[in-house]
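Summary of structural features
Residue strings, one per chain:
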Amino acid sequence: MGVKVISVRAKNSSIGKPTAPSTITMLDAESGEVTAVIAGTYLTATRTAAGSAIATKICLEQKQLNDTHDKHLVVFGAGIQSEMHIRMLNCILPNQIRKVTIFNRTRKRAEKLRDELMNDPETSNLECSIVTLDEERRIKEIVGKADIIVTATNTAFPLFDWSWVNNNCHINGVGSYLPSSEEVDSVFVRDHCITVADTIEALDVGDLKELDGRSDNFVGLLGDLLSGKVTLGHKAGSNKRTFFKSVGTSVQDIFTADQVIKTAISLGIGTEVEM
């Protein structure tokens, strides 16, 4: 058992802190006693990015685009979600991503992320560039060439014109979580994307507000895609734009935290205290 406490603080980015800090408290299922307290911010970003990476791989495979190299990854945002998406996508698509472009409101934060990636042997092979959000002409050009797009911001309005997106692009939307906010245009999602969601609750978010469970372009949930219960099928014919919407689920957080605790114990990591 477990409880996750998360706060949303949009202004934290200006002071170099995560915009959605969280803590996870694990409990013994029988006694109800606290067994562990975990800093959940990094854990949440990691499991979110892992879900997006899996969705990306499956969608590319079913669109028969998974064997192409020199993919261009475009990321909106430069926070921890953006960082972990770059890392997880590079991991699950080894030697396939060559170029990464980071779009961000401020250049300084994007440069910090770029430097961290370039100084890490796991990602130093990536060709990483930065574009600020006021450079619309460059954004249009780069979005048009993107193979994979990740939106990881707290904006309430679409980040780009849907007509810029090429027909083979896969998009992961992870930033918006309210009915009033949409990082990706909801009409574009309804009419021009084959859509998969992490949970049915994602249909309440602004990006998917034009969809419902019966919409022609809504395939279903990621779990069903993983199990083979559903496929992109004929929907991936002439239109090969795919969209994965992630809003998160507490079950994933608690299960991931449980695995982290077991691994930490086996490695002798962490601090034991009497409570």
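Refer to the structure printed above.
This text gives an overview of the structure that appears in the document.

How each quantity is defined
Residues numbered from 1 in each chain as written. Predicted model: local features only at pLDDT ≥ 70, side-chain atom pairs only at ≥ 80, totals over all residues. Heavy atoms only, no water. Helix = DSSP H or I, 4+ residues; strand = E, 2+ residues; numbered from the N terminus. 1 Å grid on protein atoms, 1.4 Å probe; cavity = no way out; pocket = protein on both sides within 12 Å on 5 of 7 lines; lining within 4 Å. Points joined across faces, edges and corners; volume = space filled by probe spheres on them. Nonpolar A, V, L, I, M, F, W, Y, C, P; charged D, E, K, R; others polar. Salt bridge = Lys/Arg side-chain N within 4 Å of Asp/Glu carboxyl O. Pairing = 2+ DSSP bridges. Axes fitted to C-alpha atoms, helices over the stretch in contact; angles between N-to-C directions. Contact = heavy atoms within 4.5 Å.

Right, let's get into unusual backbone geometry. You will see that N95, though not glycine, has its phi angle at about 65°, which is positive. Residue placement: N95 occurs in the loop between α2 (80–92) and β5 (97–104).

Taken as a whole, the largest pocket holds about 1600 Å³ of empty space. Around the largest pocket sit 50 residues that line it, and T19, A20, G79, A152 and T153 are the ones nearest its centre. Put simply, the parts of the chain that give the lining of the largest pocket at least two residues each are β1 (2–6), α1 (40–62), α2, β5, α3 (107–118) and α7 (250–267). Partitioned by chemical class, the residues of the lining of the largest pocket number 18 nonpolar, 22 polar and ten charged. If you add up the space inside the second largest pocket, you get close to 670 Å³. In terms of lining residues, the second largest pocket is bounded by 18 residues, among which T35, A36, V37, T271 and E272 are the most central.

Below, the discussion takes up the pattern of salt bridges. On inspection of all chains with the given rule, the structure shows 17 salt bridges. We note a salt bridge from K145 to E141, for which the minimum N-O separation is 3.5 Å. With K145 and E141 both in helix α4 (residues 136–145) and four residues apart, this pair spans about one turn of that helix. Put simply, R190 and E210 hold a salt bridge, and the shortest N to O gap is 3.2 Å.

Across the sheet, three strands lie side by side as β1-β2-β3; this open sheet has antiparallel pairing. Strands with a single pairing partner mark the edges of an open sheet, and in this sheet they are β1 and β3 (34–39). On average, each strand axis in the sheet is tilted by 15° relative to the strand beside it, whichever way the strands run. Sheet topology places β1 next to strand β2 (residues 22–27); five bridges connect them, and they run antiparallel. Bridge pairing in β2 places V5 opposite T23. Each of β1, β2 and β3 touches α1; the most contacted strand, β2, lies at about 95° to it. Set on the sheet, α7 makes contact with β1, β2 and β3; between it and β2 the angle comes to about 75°.

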